[in-house]
Amino acid sequence: MINKDKVVLSLGLLLCLAACTPEKSSTESSASGPITSETVTSEMTEPAGKADAITRYSAEQFFQTTSVFGSSINHDNTAVLVSSDATGVFNAYRYPLDGSAPEALTSSTTDTVYGVSWFPKDDRILYTADQGGNELNHLFVRETSGEVRDLTPGDSLKAAFFGWHADDTAFYVATNERDPKSFDIYKYSTDGYSRDLVFRNEDSLSPEAVSRNGKWLALVKSNSNADADLYLVDLQADNAKPVLITPHEGDVEYSAFTFSPDSARLIYGSDEGSEYTAAWSYDIASAKRAPLYRADWDVSFVYYSDDGNFRVVGTNEDAQTRLDILDQRSGEPLTIPQLPAGDLRGVNFTSDARGMVFYINSDTAPSNLYAYSLGDKAARRLTDTLNPAIDEAHLVASEVVRFESFDGLEIPGLLYKPKAANAEQKTPALIWIHGGPGGQSRKGYSAAMQHLVNQGYALFAVNNRGSSGYGKTFYHLDDKKHGEVDLQDIVYGKKYLQSLDWVDGDKIAVIGGSYGGYLTMAAMAFTDEFEVGINIFGVTNWERTLQSIPPWWESFKKSLYDEMGDPATDAERHRRISPLFHAENIQKPVLVVQGANDPRVLQVESDEMVEAIRKNDVPVEYVLFPDEGHGFRKKANRISASEAYVSFLNEHLPVSSSAL
């Protein structure tokens, strides 16, 4: 089953959602993530512009940019299903491929709506939504009449779409309604929505993909944070049971990407014998495996066009995903002429494979949707998402740089240099820490980042040890060493910034969301290196957080504990690295941002952290969003948060007038 319409159930490790707008969210599905291709994109260049004539834009102006994603094409190849926050709240839209005006298909003013897929033979759609950011997503159908039906009703369940049957008469859904710890698989009829339970997940494995013929289900069992097994289930067998297909010795990570269009092969990832994940093919009938695609970086995903003529492979190359699109009939890579600078995202093909849609995105330009008919001289642009009041020449592209940490280890990061910064006009700087643990700061447009840089602050998005994308050795270097070795990477990132002649070495702050929020507070509690800290829904009490993880994380709880430590045996360490229990050390200003509905980092953590800092008679500001969870889904809240960052920095870490 092609992954491009699947809402990914496996959340990876704890707190993987970055503190960012959807343009840079780490929760994007494999087909809508930040993707580039050496064969289909041109080189990105720094926009021209004079440093002494840069316009300063407000947060509201930056967030008047529209975020769009989604590439499901309808049955007659005339329109794309797009999720857009044009109204301030994400809703589903119909974007005609001929470039005519889009049509809103949903009109939520409260909960975010994400389009999932068109139905295969008509213009019904499936979409998903939670309630106020609580991450309990339900799956809904919108009839062509506009009537909406919840296909997964219930108060405490989480559900996700798992793909269409090849005969177009059924689709698959995973829900944890029977057991909050386990996702079962149901087969729904496209006519009337009756359903049958086709797999009862007694072992709390992680469902990954269903084959197009409906016969095979691939699941993953996480044995540790470095070892995982792949299982296959014959859904058409009586008393279907998972069968291990990856017996091995030692630590090897296996993951399922997709099934081949003919359902005969499972395409999976494995890091056996390598630092990086390669793509492999497993022939189900013969149980023979063969290499499919390998690079000197991780293969992130593989999927196919519906007719199987095109194969799409994404590799995570130095904070960008390079896309390889292969025409399997000719064996040649697909080329698209006359593309603007930027990275490809969300590639999808029409049912007849004569056309395709995709997005182009860069650090300085948000995603725009394009349609392309194979053989044409150029693609057609369907959206214009950057606020026309913003001159792209005044925005900043990041540079990949590396520095040596305390032990000589090379640490990568993305450096954003304000246009006006130079040796005579030094600028304050912020170290931006991604979510995770195990996340990665990546290339791509972020209104929040660009707003900070536009206001004169340098940004250095450090990918500290433990970040994904740089090999399994690098990834595991922080296991059970969080708040220690990874924090030292942040400190040495500061030292790197101080070596730059255009950075004011006395004005360096730290900012991060989720796990990055934790490292921000750790930097403020356990070091005296940073002048201010901005903690965006970050963990401050690991004892509580690890004891209150959502039940649907059961399939990878063992992996999480290998990463962070088991509360039953590592409580002393968790207390030692938790900033809340060392709040008396915090002597410099802090801004805390929190969502009241956050199921990962509970509001009480931020409440207690703020109260503890206030006892130190240290400036602390607290911004609480009553209608958000773990991240910002509503545009108004993103604006308020970005305004709060800049206001706080202007008070405690101001940019000199000469640098503006």
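Read on for an overview of the structure. (Residues numbered from 1 in each chain as written. Predicted model: local features only at pLDDT ≥ 70, side-chain atom pairs only at ≥ 80, totals over all residues. Heavy atoms only, no water.)

1. Side note on the packing of aromatic side chains
Argument step 1. Per the counting criterion, the structure on display carries 27 aromatic pairs.
Argument step 2. Judged by centre distance (5.5 Å) and plane angle (65 degrees), the ring pair of Tyr 470 and Phe 474 falls under edge-to-face.
Argument step 3. According to the relative accessible area criterion, Tyr 470 is buried, its value standing at 11%.
Argument step 4. Since its relative accessible area comes to 8%, Phe 474 is described here as buried.
Argument step 5. Where Tyr 518 meets Trp 542, the ring centres are 5.2 Å apart and the plane angle is 75 degrees; that geometry is what we call edge-to-face. Of this pair, Tyr 518 sits in helix H5 (residues 515–526) while Trp 542 sits in helix H6 (residues 542–547), placing them 24 residues apart in sequence. The exposure classification of Tyr 518 matches that of Trp 542, with both residues buried. (Phe/Tyr/Trp six-rings, centres within 6.5 Å; stacked < 30°, edge-to-face > 60°. Buried < 20%, exposed > 50% of the residue type's maximum accessible area, 1.4 Å probe, protein only. Helix = DSSP H or I, 4+ residues; strand = E, 2+ residues; numbered from the N terminus.)

2. Side note on the pairing of strand E16 (residues 228–234)
Argument step 1. Most of E16 is tucked away: six of the seven residues are buried.
Argument step 2. With seven bridges connecting them, strand E15 (residues 216–222) and E16 associate as antiparallel partners. Opposite Val 220, over in E16, you have Leu 230 as the bridge partner.
Argument step 3. Where E15 folds back on E16, the antiparallel hairpin that results is connected by five residues. (Pairing = 2+ DSSP bridges.)

3. Concerning the packing of helix H4 (residues 485–498) against H5
Argument step 1. Taken N-terminus to C-terminus, the directions of H4 and H5 make an angle of 75 degrees; their axes are 10 Å apart at the nearest point. Viewed along their axes, H4 and H5 adopt a mutual orientation that is roughly perpendicular. Across the interface between the two elements, Asp 486, Leu 487 and Ile 490 from H4 touch Tyr 515, Leu 519, Ala 522, Ala 523 and Phe 526 from H5. (Axes fitted to C-alpha atoms, helices over the stretch in contact; angles between N-to-C directions. Parallel < 35°, antiparallel > 145°, perpendicular 65-115°, else oblique. Contact = heavy atoms within 4.5 Å.)

4. Describing the packing of helix H2 (residues 447–454) against helix H10 (residues 635–652)
Argument step 1. For the pair H2 and H10, interaxial distance at closest approach is 10 Å and the crossing angle is 25 degrees. With respect to H10, the axis of H2 lies roughly parallel. As for how H2 packs across H10, the hand of that crossing is right-handed. Contacts between H2 and H10 involve Ala 448, His 451 and Leu 452 from the former and Ser 642, Tyr 645, Val 646 and Leu 649 from the latter.
Argument step 2. By residue class, the composition of the contact of H2 with H10 is five nonpolar, two polar and no charged. (Left-handed = near helix turned anticlockwise from the far one by under 90°. Nonpolar A, V, L, I, M, F, W, Y, C, P; charged D, E, K, R; others polar.)

5. Section: the nonpolar core
Argument step 1. Of all hydrophobic cores here, the largest spans 101 residues; its most connected members are Leu 430, Leu 452, Leu 497, Phe 530 and Tyr 645.
Argument step 2. Ranked by the residues each element gives to this core, the list is headed by H5, at eight residues.
Argument step 3. Excluding residues that lie within four positions of it along the chain, Tyr 645 makes contacts with Leu 452, Ile 511, Ile 534, Ile 536, Leu 591, Val 593 and Phe 632.
Argument step 4. The next biggest cluster of nonpolar side chains, apart from the first, holds 18 residues, and it includes Tyr 303, Val 347, Phe 349 and Phe 358. (Core = buried A, V, L, I, M, F, W, Y, C linked by side-chain atoms within 4.5 Å.)

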